[in-house]
Amino acid sequence: MTRTRTIFYDCDTGIDDAMTLLYLASRIRAGEADLAGVGTVHGNIDPLTGALNTLRVLELAGIKAGEEGVPVAVGAARPMAQDVHHALDWHGTDGLGDTHLPEPAGRPAAEPAAALLVRLARARPGELTVLATGPLTNLGAALLLDPELPSLVREVVVMGGAFDHPGNITTHAEANIWHDPEAADLVFAADWPVVLVPLDATHPTAVHGDWLDRLAAHDTAAARFAVRVLSFYVDAYTPVLRQRGAVVHDALAAMLMLEPELGEYTQRAVRVELRGELTRGTTVWDARSLPAEDTRRPVRVAVGSDVAAFHERLLAALTSL
């Protein structure tokens, strides 16, 4: 494993975000990561529900959160320039597969998510890695709050986009980018190091029946929770995959953040289509052998990963808690 990362996690805590929180919790307990704060955003669910889900999952994993531990801040409830949409068909009305779990012990912070990110980045300049697995509204707002933010952040790792892979919410657009294209384009235009983990990399990592059965064989509270919420996700994904399984997109971004050597990458400037009638929210790169010059800082785009290693490390994390 790489050296300890100090992480600000920006998410829309549905099912794959919950799996990612459990993965991060295992790395925190192993001393390989430090979670400085969490912000939640509209996307899979509304951000208040997402914050409560985050507290539930961290508490289940034995990570102190809320007033006495990791701050969890509620962020933007809607995109910058369009109506809000939630992914209830994929994550349930509660964001966790209609499990309707009890209230968490901790409470969300009073501070908005974008303000929390700016404050933490200013308190720990050069240390913070931002992991974003939901729409990028909070990051866009933080850039507007503090134009110096890119110089204060070590790296931004984003799960989002699609290039040589179909979209998962429209024919061309991936959900996290489509939910707020303007904010995403602000993030890709900023002068900070960005790693983008698109559907091209995440879809090949789908977990299938044998992996799910191995997870179900473990009788710990975290494993039972994971099996319970993943069952809803599997039901949603099985018609897409044409076999029993699911794609745990967000966990791949978290794993490549901590173990970048597990990925394969290309460097390209990335832009987001903002006006196309059929293509709004599409991530665009110049994939020609001689791409045109671009004033934007290149984004490191994951185009593949060590799928077997991802499966084994994720399973080990979920069963270690």
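Basis of the calculations
Residues numbered from 1 in each chain as written. Predicted model: local features only at pLDDT ≥ 70, side-chain atom pairs only at ≥ 80, totals over all residues. Heavy atoms only, no water. Helix = DSSP H or I, 4+ residues; strand = E, 2+ residues; numbered from the N terminus. Rg over C-alpha atoms; globule rule 2.2 N^0.38 Å. Buried < 20%, exposed > 50% of the residue type's maximum accessible area, 1.4 Å probe, protein only. Contact = heavy atoms within 4.5 Å. Areas by Shrake-Rupley, 256 points an atom, 1.4 Å probe, with all protein chains shown as cover. Lys, Arg positive; Asp, Glu negative; His and termini not counted. Charge placed at Lys NZ, Arg CZ, Asp CG, Glu CD. 1 Å grid on protein atoms, 1.4 Å probe; cavity = no way out; pocket = protein on both sides within 12 Å on 5 of 7 lines; lining within 4 Å. Points joined across faces, edges and corners; volume = space filled by probe spheres on them. Nonpolar A, V, L, I, M, F, W, Y, C, P; charged D, E, K, R; others polar. Salt bridge = Lys/Arg side-chain N within 4 Å of Asp/Glu carboxyl O.

Peer 1: Looking at this structure, how should I read the overall build of the chain?
Peer 2: In terms of helices and strands, the chain carries 13 helices and 12 strands. For the chain, whose C-alpha radius of gyration is 18 Å, the value lies close to the compact-globule estimate of 20 Å for 321 residues. Projecting the C-alpha coordinates of the chain onto the three principal axes gives extents of approximately 55 × 45 × 40 Å. A total of 321 residues make up the chain; the buried ones form 59% of that total. Relative to all contacts within the chain whose residues are 6 or more apart in sequence, the contacts with residues 24 or more apart total 82%. As displayed, the chain has an accessible area near 12700 Å², and 52% of this comes from carbon and sulfur atoms. Both charge centroids of the chain, one from 26 positive and one from 42 negative side chains, sit 4 Å from each other.

Peer 1: How should I be thinking about the layout of surface pockets in this particular structure?
Peer 2: Take a probe with the size of a water molecule and roll it over the atoms, and the empty space left behind shows itself. Volume-wise, the largest pocket comes out at about 420 Å³. What lines the largest pocket is a set of 28 residues, and nearest its centre among them are Trp90, His91, Asn168, Ala175 and Tyr237. Every element with two or more residues in the lining of the largest pocket is listed here: α3 (88-91), α7 (175-179), α11 (221-241) and α12 (249-258). Looking at the lining of the largest pocket, the element that brings in the most residues is α7, giving four residues. When its residues are assigned to classes, the lining of the largest pocket shows 11 nonpolar, 13 polar and four charged.

Peer 1: Help me understand the environment of glycine 126, please; the structure alone is not making it clear to me.
Peer 2: Examined against the element boundaries, glycine 126 turns out to sit in the loop between α4 (113-123) and β4 (128-132). For glycine 126 and leucine 152, which are 26 residues apart along the polypeptide, the C-alpha to C-alpha distance reads 5.1 Å. The contact partners of glycine 126, leaving out residues within four places of it in the chain, are Leu152 and Arg154.

Peer 1: How should the pattern of salt bridges be read in this particular structure?
Peer 2: Two side chains that carry opposite charge are able to pair once their charged atoms sit near each other. Scanning all chains against the criterion turns up 18 salt bridges. Across the pair glutamate 155 and arginine 5 runs a salt bridge, and its minimum N-O distance is 2.8 Å. Of this pair, glutamate 155 sits in strand β5 (residues 153-159) while arginine 5 sits in strand β1 (residues 5-11); the two residues are 150 residues apart in sequence, bridging distant segments of the chain. Arginine 5 shares its class with glutamate 155; the two are buried. A salt bridge links arginine 214 to glutamate 312, with the shortest nitrogen-to-oxygen separation between them at 2.9 Å. With a gap of 98 residues between them, arginine 214 in helix α10 (residues 209-216) and glutamate 312 in helix α13 (residues 307-318) connect regions that are remote in the sequence. The structure contains a network of salt bridges with shared partners spanning Asp34, Arg124 and Glu127.

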